[in-house]
Amino acid sequence: ILEKMNALADSAAINKSDRDYESYIRPDEISYNSVLNYYASRKNEHWSAQRAEDLLLEMSEISQRQQEQHSKGNPPPVTMSTTTLNIVLNAWGNSGGGIRAAQRAEALLHMMIRLFNKGHENIQPNALSFSIVINAYSHVDSTDASSAVDKAMELLDVMEGFPLPNNEGINSCYNAVANVVAKSCLHNAGDKVQELMVRMRNMDTLPDNFIIASCIEAYVSAADEDSRRRGKDFLFRMIDDPSSQPNSVSFNTLITAIVRDKAKDRFDEADELISMMENVGGDARPDLATYSIILGALSQMEDEDSAEKAVQYLRRMLRSYNKDGYAKVKPNSFVFNSVINMVSRCNNEWADDVIYKTLVAMENQNSQGNQFVTPDTITYNTVIGKLSKSPSKKNAMKVMRILKSMEDQAKGGISACAPDIITYTSVLNMQRIVDPRRAASIASSYIRRVMSSCEHTVIDKHGFRTVLLALAHPGNFEHAETAKQAYEWMENIGYIEAIDSRVCDLVLVAFKNSNNELSADGVISFLSDRVDKYLSGQTTTILPTVVGFSAGLGVLGKYNRVGEVATFLGKMNELSSSGIPEVKPDEGCYVSILASLSSRQQRDSALQAQRILEMSKQDLSSLTSALFNAAINACASTSGDNSNRRKALEISFNIFEQTKELRSVDSISYGMMIRACMRLVDDDGIKYKLVKSIFHLCVKNALVNDFVLKEMGHLSQKIAGKKAP
C-alpha cells in the first residue's frame, strides 16, 4: 500500500494539474511510522527488524529526492523524526537476535547522535532512544551477559553526557541498565545495581520501584544463600528509607527465590514476608502475583499441610479484595484452581466441605462481575471427583447441584462448563452407591442425549463402562434396552476404543438384572447378532466373554427358553474351537443357568435342570458340588400337580445320588435336598421321614452347618410349630 501511494504521488507530480492530489496521496511520516510499527511488533523475527531498517533507508532516499523537488515548487518532503528512529530501534530490540541485534540497535543510536551533532535536530535521541537500546542488551544469551552489562554501562555513560531534550523518562535508562545487570546473573550484580542508584541520585533522580525490584532480582539471581540474604537486607533498608517506597514487585521477586529453594523453612520465611507486606501497606500489600507465587509453590508439595495453608492464603486474599477493596489482589481462576487441586488431594475430614465452599466462592466471584474467575469443566470435575470419593447423601446433593449448574450453563451456550464423560463417570460412581435408581436414570438420560446429538462427544472405555454399570441396576427393563442401544450405537459409529468384551458383558448383565420376561428376547437379539456376524466371517466383531454369556443364558433359562440355551452353548463351543478365548462354557456358566431356573417356579424346572446338567457333562471335565447343588435347587422350584412334583423329587434324589457317587456332597447338598423334600412333598408324614433320613446322613458325615439347620428349621415350624434349636 505504501509503495502504491508513492507511485500514485509520482504519477500525479508529472501532471502539474494534479498537485493537490499529489499532496493528499503522498505518504507522510505517519504513513511510514505505521508500517514501521507493524515490523517492530513482530517479536522474535529477525527479518522484520531488517525490513524496518530497509524501509528507513528507503524513506531517507525518498526524502532527499523530494527535498530537491521542493526547491522547484513541489510539496515539502517527508521527514524523519526521533519517533521514526525509535520505532526502528524497537524493531531490533524485539527481533530476538541476541547481542547482534542489540549491537545493530546501538549502531543506529550512534548514527542518530552523529546526525544530531551535524544539525539534524529533528532526530535528537531522547531518553526513550537510550532505554530501548539498553534494554535490547537484556535479551542476549547467557554467554554474552557480561559483555551486555559492559555495553549497557557504556551507553549510560553516553546518555549522562548527552544533551537530552529533557529529563523526562531518564529513570527508564537506569532501570534498563539495572534490568540488564539483574538478568546477567553475575555474582556482584546486586552491588552494581546499587551503584546505579547512587548515580541516579547524583543526577538528581530518585530511584523508583523498578530499580529496587531489579536490585533484589540481581541479588537472588546469583542463586546462593548469601546473595539472597543481602537482597533481603537491601529490601528492609529500602522500607526504612523515607525516600523509597518499595512495592509488591520487590517482595514478590524475593518470595519467588525463597519458595524455589529446597530449605525446609522456606514457606515460613515466605509467610513472614507476606505478613510484612500487609504491615507496610500501600502498594507493598500482597497482590495477585504474591498469592499466585505462593499457591503455585504449595501446589508442588505433597504434604497434608500444604492444602490447609493454601486455603488460609485464599481466605486472606478474598478478605483483602472483598472487605478491604484492594483492587490489585483481585483473584483469578488460577488461584482458585490451585487451591481446589490441592484440597482434592487432601485426605483430611474437612476437605470435602472446603473444596465445595471454594467452588461456591469461585462462582460468587464470577456472578459478581469478576470476569477473571471462571470455573470450567476441569474445575467442576475436580470438585465432583473429590466429593465422589466419599459417597454420602450430603455429598451426593452437592454433586447433583454442581451437575445441574454445569448442564444449565451448557444449555445457555457456555461450552467451557459443559459436563463431559469424566463428569458423569464421577457422578455415576457416587450415585450407584448412594442412590442406584437415580444413577440409572442419570446414565440413561446422558447416553440418550449423546446418541441423539449431532455433535461429537468423547467417551472413553472407563466412562462408557460406568454408564452401563449404572444402567445394569436391577429392576428396569427400559434401562437394559438403553444399554443395548448405547452399545450398538457405539459399535455402529466405530467407537471401538470405548468397547471391549467386558463392556459387552455389561449389556447382558443389565438384561439379567431387569427381571422382565422381555429381556429374553433382548438377550437373543444381542447375542445372535454378534455371534452370527463373527461366525459368518466378520472376525472384528466384539464378543462377550463367558461371564456375559452366562448372564444372558441365565435369563433364557429363567424364562424357560432352554432350547435357545442349548443353541448358544453349542455356538460358544464352536467359537472356543476357533480360537476365541474366554468363551468356552465353564462351571460358572452352567451354575448361572441352573440358578436362573430356581428363581421362579415352573412346571418343568426339574426336567430342564436335568437336561442342563447332562449338557454340562459334555463340556466339563469334572463336576463339582456347586453344579449339582444348583440343579437340586432348581428341582425344588418345580410347580404343578402332585405327579409333576413327585417326578421333580425323583430327579432331585437321582442328582443327589450322582453327587454322592462323585464324592461331591457337601453341607449345601444336604440342605438343598431338605429344601426339595419340604417343597415337593405334601404329606407331612412322608416329608418328615424323608427329611429325617437325609438329616441323619448329614450328621453321620459331619456336614451339619447353619444352612442345614436353617432348612431343618422350616420342618420344625411345619410339624412342631416352633423353631428347631
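Residues numbered from 1 in each chain as written. Predicted model: local features only at pLDDT ≥ 70, side-chain atom pairs only at ≥ 80, totals over all residues. Heavy atoms only, no water.

## Thoughts on the overall build of the chain
Part 1 of the reasoning: In terms of regular secondary structure, the chain is built from 35 helices and 0 strands.
Part 2 of the reasoning: Computed over the C-alpha atoms, the radius of gyration of the chain is 43 Å, more than 25% above the 27 Å expected from 2.2 N^0.38 for a compact globule of 725 residues.
Part 3 of the reasoning: Overall, the C-alpha framework of the chain stretches about 135 × 70 × 45 Å when taken along its three principal axes.
Part 4 of the reasoning: Expressed as a percentage of the 725 residues in the chain, the buried residues total 51%.
Part 5 of the reasoning: Of the contacts formed within the chain by residues at least 6 apart in sequence, a portion of 69% connects residues at least 24 apart.
Part 6 of the reasoning: Counting only carbon and sulfur atoms, one obtains 50% of the accessible surface of the chain, whose full area is about 34,400 Å². (Helix = DSSP H or I, 4+ residues; strand = E, 2+ residues; numbered from the N terminus. Rg over C-alpha atoms; globule rule 2.2 N^0.38 Å. Buried < 20%, exposed > 50% of the residue type's maximum accessible area, 1.4 Å probe, protein only. Contact = heavy atoms within 4.5 Å. Areas by Shrake-Rupley, 256 points an atom, 1.4 Å probe, with all protein chains shown as cover.)

## Topic: the nonpolar core
Part 1 of the reasoning: Membership of the largest hydrophobic core comes to 223 residues, with the highest contact counts inside it found for Tyr-137, Ile-211, Ile-294, Ile-402, Phe-464, Tyr-487 and Leu-569.
Part 2 of the reasoning: Aside from chain neighbours lying at most four places away, what touches Phe-464 is Ile-421, Ile-447, Ile-459, Ala-486, Tyr-487, Met-490, Ala-498, Ile-499 and Val-503. (Core = buried A, V, L, I, M, F, W, Y, C linked by side-chain atoms within 4.5 Å.)

## Points about the packing of aromatic side chains
Part 1 of the reasoning: Under the definition given, this model contains 9 aromatic pairs.
Part 2 of the reasoning: Taken together, a centroid distance of 5.6 Å and an interplanar angle of 55° make the contact between Phe-116 and Phe-162 tilted. Taken together, the residues span a long stretch of sequence, with Phe-116 in helix α6 (residues 98-117) and Phe-162 in the loop between α8 (145-160) and α9 (170-184) at a distance of 46 residues.
Part 3 of the reasoning: When the ring centre of Tyr-326 is taken as reference, the NZ or CZ atom of Arg-285 above it lies at 3.7 Å.
Part 4 of the reasoning: Here Arg-530 stacks its cationic end above the ring of Phe-526, 4.0 Å away from the centre of that ring. (Phe/Tyr/Trp six-rings, centres within 6.5 Å; stacked < 30°, edge-to-face > 60°. Lys NZ or Arg CZ within 6 Å of the ring centre and 35° of its normal.)

## What to know about a nonpolar patch on the surface
Part 1 of the reasoning: A contiguous nonpolar patch, built from Val-699, Val-704 and Leu-709 and spanning about 210 Å² of accessible area, is present on the exposed surface.
Part 2 of the reasoning: Assignment of secondary structure puts Val-704 in the loop between α34 (684-700) and α35 (706-719). (Patch = residues over 30% accessible without salt bridge, like charges linked within 9 Å, V, L, I, M, F, W, Y side chains within 5 Å. Salt bridge = Lys/Arg side-chain N within 4 Å of Asp/Glu carboxyl O.)

## Focus on the confidence of the model for the chain
As a general rule, the predicted coordinates of low-pLDDT regions are not to be interpreted in detail.
Part 1 of the reasoning: Per-residue confidence for the chain gives a mean pLDDT of 91, with 98% of residues at or over 70.
Part 2 of the reasoning: Of all helices and strands in the chain, the one with the weakest mean pLDDT is helix α2 (residues 19-25) (79), whereas helix α19 (residues 377-388) scores best (97). (pLDDT = per-residue confidence, 0-100.)

## Thoughts on the pattern of salt bridges
Part 1 of the reasoning: Per the stated rule, a full pass over the model turns up 34 salt bridges.
Part 2 of the reasoning: The partner of Glu-491 in a salt bridge is Arg-530, with the nearest N and O atoms 2.6 Å apart. On the criterion of sequence distance, the pair formed by Glu-491 in helix α24 (residues 477-492) and Arg-530 in helix α26 (residues 519-535) is long-range, its members being 39 residues apart. Here the two residues Glu-491 and Arg-530 agree in accessibility, since each one is buried.
Part 3 of the reasoning: With a shortest N-O distance of 2.7 Å, Arg-502 and Glu-582 are connected by a salt bridge.

## So, helix α18 (residues 351-367)
Part 1 of the reasoning: Over its 17 residues, α18 runs 24 Å from end to end, which matches the ideal 24 Å to within 8%, given 1.5 Å per residue.
Part 2 of the reasoning: Ala-351, Asp-352, Val-354, Ile-355, Tyr-356, Thr-358, Leu-359, Met-362, Glu-363 and Gln-365 are the residues of α18 that are buried.
Part 3 of the reasoning: The inward-facing, buried residues of α18 abut α16 (304-323), α17 (333-344), α19 and α20 (393-411). (Expected span 1.5 Å × (residues − 1).)

## Regarding the side chain of Arg-26
Part 1 of the reasoning: With respect to the secondary-structure elements, Arg-26 resides in the loop between α2 and α3 (29-41).
Part 2 of the reasoning: Among the polar contacts listed, one links the side chain of Arg-26 to the side chain of Asp-10, at a separation of 2.9 Å.
Part 3 of the reasoning: Each residue touching Arg-26, except ones within four places of it in the same chain, is listed here: Asn-6, Ala-9, Asp-10, Ala-13 and Gln-66. (Polar contact = N/O pair within 3.5 Å; in protein donor to acceptor, adjacent residues only side chain to side chain.)

## Some details on the state of the cysteines
Part 1 of the reasoning: Per the counting criterion, the structure on display carries 0 disulfides.
Part 2 of the reasoning: Free of any disulfide, Cys-635 has its nearest neighbouring cysteine sulfur in Cys-677, separated by 11 Å. (Disulfide = S-S within 2.5 Å.)

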